[in-house]
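Results of the structural survey
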Amino acid sequence: MAMVTGNALLGKALQRQGVDTLFFIMGGPINDALLAAMGQGIRGIDVRHEQAAAMMAQAYARVRARPGVCFGASGPGTINLTTGLANALIDCAPVVAFGGASPLHSFGTGAFQEIDQLALMKPVTKHADRVLDTARIPQMVDEAFRRAMSGKPGPVYLDLPGDVLYRQVDEDKVYWPEPAGAMPLSRPRADAQMVERVIEGLAKAKRPLILSGSGVIWSQADQALQRFVEQTGIAFYTTPQGRGVIAEDHPLNFPQGRSTAFKEADFVLVVGTRLNFVFSHGKPPRFSAQARFARIDVDPTEVQTCQRTDLPLVGDARAVLEQLITAAQGRVHASLYAPWREQLQAIELAKGPAAEAKLATDAQPIHPLRLCKEVRDWISRDAILCVDGQEILNFARQTIPSFHAGHRLNSGPFGTMGVGLPFGVGAKAARPDKQVVVLHGDGSFGLNAMELDTAVRHRLPLLVIISLNGGWTADPDRIKPGRDLGYTRFDLMAQALGCYGEQVERAEDIGPALARAARAVENGQVAVVNVVTDWQARASTAAFTSFST
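Definitions and cut-offs
Residues numbered from 1 in each chain as written. Predicted model: local features only at pLDDT ≥ 70, side-chain atom pairs only at ≥ 80, totals over all residues. Heavy atoms only, no water. Helix = DSSP H or I, 4+ residues; strand = E, 2+ residues; numbered from the N terminus. Rg over C-alpha atoms; globule rule 2.2 N^0.38 Å. Buried < 20%, exposed > 50% of the residue type's maximum accessible area, 1.4 Å probe, protein only. Contact = heavy atoms within 4.5 Å. Lys, Arg positive; Asp, Glu negative; His and termini not counted. Charge placed at Lys NZ, Arg CZ, Asp CG, Glu CD. Pairing = 2+ DSSP bridges. Axes fitted to C-alpha atoms, helices over the stretch in contact; angles between N-to-C directions. Parallel < 35°, antiparallel > 145°, perpendicular 65-115°, else oblique. Left-handed = near helix turned anticlockwise from the far one by under 90°. Nonpolar A, V, L, I, M, F, W, Y, C, P; charged D, E, K, R; others polar. 1 Å grid on protein atoms, 1.4 Å probe; cavity = no way out; pocket = protein on both sides within 12 Å on 5 of 7 lines; lining within 4 Å. Points joined across faces, edges and corners; volume = space filled by probe spheres on them.

1. Things to note about the overall build of the chain
The secondary structure content of the chain amounts to 22 helices and 19 strands. Relative to the compact-globule value of 24 Å for 549 residues, the chain shows a C-alpha radius of gyration of 24 Å, a close match. Its C-alpha atoms give the chain principal-axis dimensions of about 75 × 60 × 40 Å. In the chain, which comprises 549 residues, the proportion classed as buried is 58%. In the chain, of all internal contacts separated by at least 6 residues, the share reaching a separation of at least 24 is 76%. Looking at charge distribution, the chain has the averaged site of its 56 positive side-chain charges lying 4 Å from that of its 55 negative ones.

The following block contains the structure:
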């Protein structure tokens, strides 16, 4: 009879799930569990704040299309995970989080760092549970990974009391389920009659468009979406999180015509995204009151509870798109919408030169649009771009395209500040062969700036570009409380942490500075380019609230 601890079972269970990387800060009672996992060949990346660990796990998940893993020590360490997990929940990103906890036998006695972590985690995760039986650790780990990826993806939390982790059990009596990753992804199909009604609606439409989101990424439906777009000749637009599922220089993408497309579309096919504030909930005046909406979503509550869902298609995005591709043959084709595409193309041709001219400004201080242009013209086509901030986030959204699924990361609909650098570190850990660029506002950078140290220590060379406008958001009228942060020399801070660092104050110097930083990255060094930008430059975007930041 071989006896084994819960720590050893956890390490082996993670290895069986195919985990190769986890993000954490050391502490009781998880230290031996971490050692057990690393003993199974799993890479441990220790961070400087647990919220960054959860954010790194989310970025890892987005880039690899599989769950990311993070750990927190008991009490404050686990509570620090909650911001990142809440962001993953709203973003529908699969993260499996583990939190050490005070021993079961001392619950309710005021033990060291005792707090009801399970109660805290339930509102910010898709599912939260506590391990009570050491022998069930492999089973509950497997369930956590299944829940994270099933249906609408999201974060799952497991509470690990210290006495459960250190208790010994007979290994021969432990049940080891078939790992979740070994099972094929469930691909439910939509009702055939509803598919037929959608095709009938598209055949009658004059001005259809497609709105897609990150559900396309999780269901690995990017190729199916492109086939459907090209087969039908329907213009497409994406959410910020779903960018790159089709390359944005595709001839059926008309970014300058977005506003007109939304207002005048008579049939909207929504694929793998919510109709939330990003799309003004599909309501007028952003969209026509006469437009019909069809929605593909794996979650029936998403399609059934939205007032603007006329034709619900409940199922996996890839499976349903394949149903539509088959049903559309000979019935829905590009010639039906030629005048509509010509209208959008005319807008693109009319507005494009003026928009490009704005990017080329030599204004002093540097306009953020010029910074975005320099980044756009320099960045690799398959780079992973992480954007975080207020003004720079909106300017980058308008100017820097994406060409690969899962290669564009930002805070998503929850709007969490501080995700940029952790996302960059997580993305580089997930795809060390890819160029990873973080475009940061100076305010948001400060929230997790010490993760530069994490990137340096773990040899994760990435490039961080900071738009330094001296504070939170733009404030041309100087009225916002707590707006000013000063013009911090983040490049010097970076140098002190072992990074390459450079400050730029003139537009013509941005390109050469990026080139020098890129060479440093190629040589294995983390690089920071600190660019002084105009504090009055205010980005325009759709109004999400009656107030603004």
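There is more to say, and it comes next.
2. So, the sheet that holds strand β13 (residues 311-314)
Here we have 5 strands laid out as an open sheet, ordered β10-β9-β11-β12-β13, and parallel in their pairing. Two strands bound the open sheet, and with one partner strand each, they are β10 (235-238) and β13. Sheet twist, expressed as the average angle between the axes of neighbouring strands with direction ignored, equals 15°. Sitting on the sheet, helix α11 (residues 222-232) touches β9 (208-212), β10 and β11 (267-271), and the angle it makes with β9 is about 170°. Sheet strands touched by helix α14 (residues 317-328): β11, β12 (292-297) and β13. Its angle to β12, the strand with the most contacts, is close to 130°.

3. Overview of the packing of α11 against α14
Put simply, α11 and α14 touch, their axes get as near as 9 Å, and they point 25° apart. Here α11 is positioned roughly parallel relative to α14, judged by the angle of their axes. For the crossing formed where α11 meets α14, the hand is left-handed. In contact with Ala224, Leu225, Arg227, Phe228, Gln231 and Thr232 of α11, α14 contributes Arg318, Leu321, Glu322, Leu324, Ile325 and Ala328. Partitioning the contact of α11 with α14 into residue classes produces 7 nonpolar, 2 polar and 3 charged.

4. So, the sheet that holds strand β15 (residues 408-409)
With respect to topology, 6 strands assemble into an open sheet ordered β15-β14-β16-β17-β19-β18, the strand pairing being parallel. A single partner strand is all that each edge strand has here, and the edge strands are β15 and β18 (500-504). Bridge count for β18 against strand β19 (residues 527-532) is 5 bridges, and the pairing is parallel. Within the sheet, the bridge partner assigned to glutamine 503 lies in β19 and is asparagine 530.

5. Examining the layout of surface pockets
Computed from the structure, the second largest pocket encloses a volume of approximately 250 Å³. Surrounding the second largest pocket, 19 residues form its lining, Ile217, Asp222, His404, Ala405 and Gly406 being those nearest its centre. Mapped onto the lining of the second largest pocket, the elements with two or more residues apiece are α3 (50-64), α10 (215-218) and α11. Residue classes in the lining of the second largest pocket are distributed as 9 nonpolar, 6 polar and 4 charged.

6. Quick word on empty space enclosed by the protein
On inspection of all chains with the given rule, the structure shows 4 cavities of 30 Å³ or more. Within this model, the largest cavity holds a volume of roughly 110 Å³. In terms of lining, the largest cavity is formed by 15 residues, of which the most central are Gln390, Gly441, Asp442, Gly471 and Thr473. Listed by contribution, the elements that provide at least two residues to the lining of the largest cavity are α17 (391-399) and α19 (442-447). The leading source of residues in the lining of the largest cavity is α19, at 3 residues.

7. Details of helix α1 (residues 6-16)
Because each turn of an α-helix spans 3.6 residues, side chains separated by three or four positions end up pointing in the same direction. Those residues of α1 that fall on the buried side of the exposure criterion are Gly6, Asn7, Leu9, Leu10, Gly11, Ala13 and Leu14. Looking one or two places after α1, you find glycine 18, whose phi comes out positive at around 85°.

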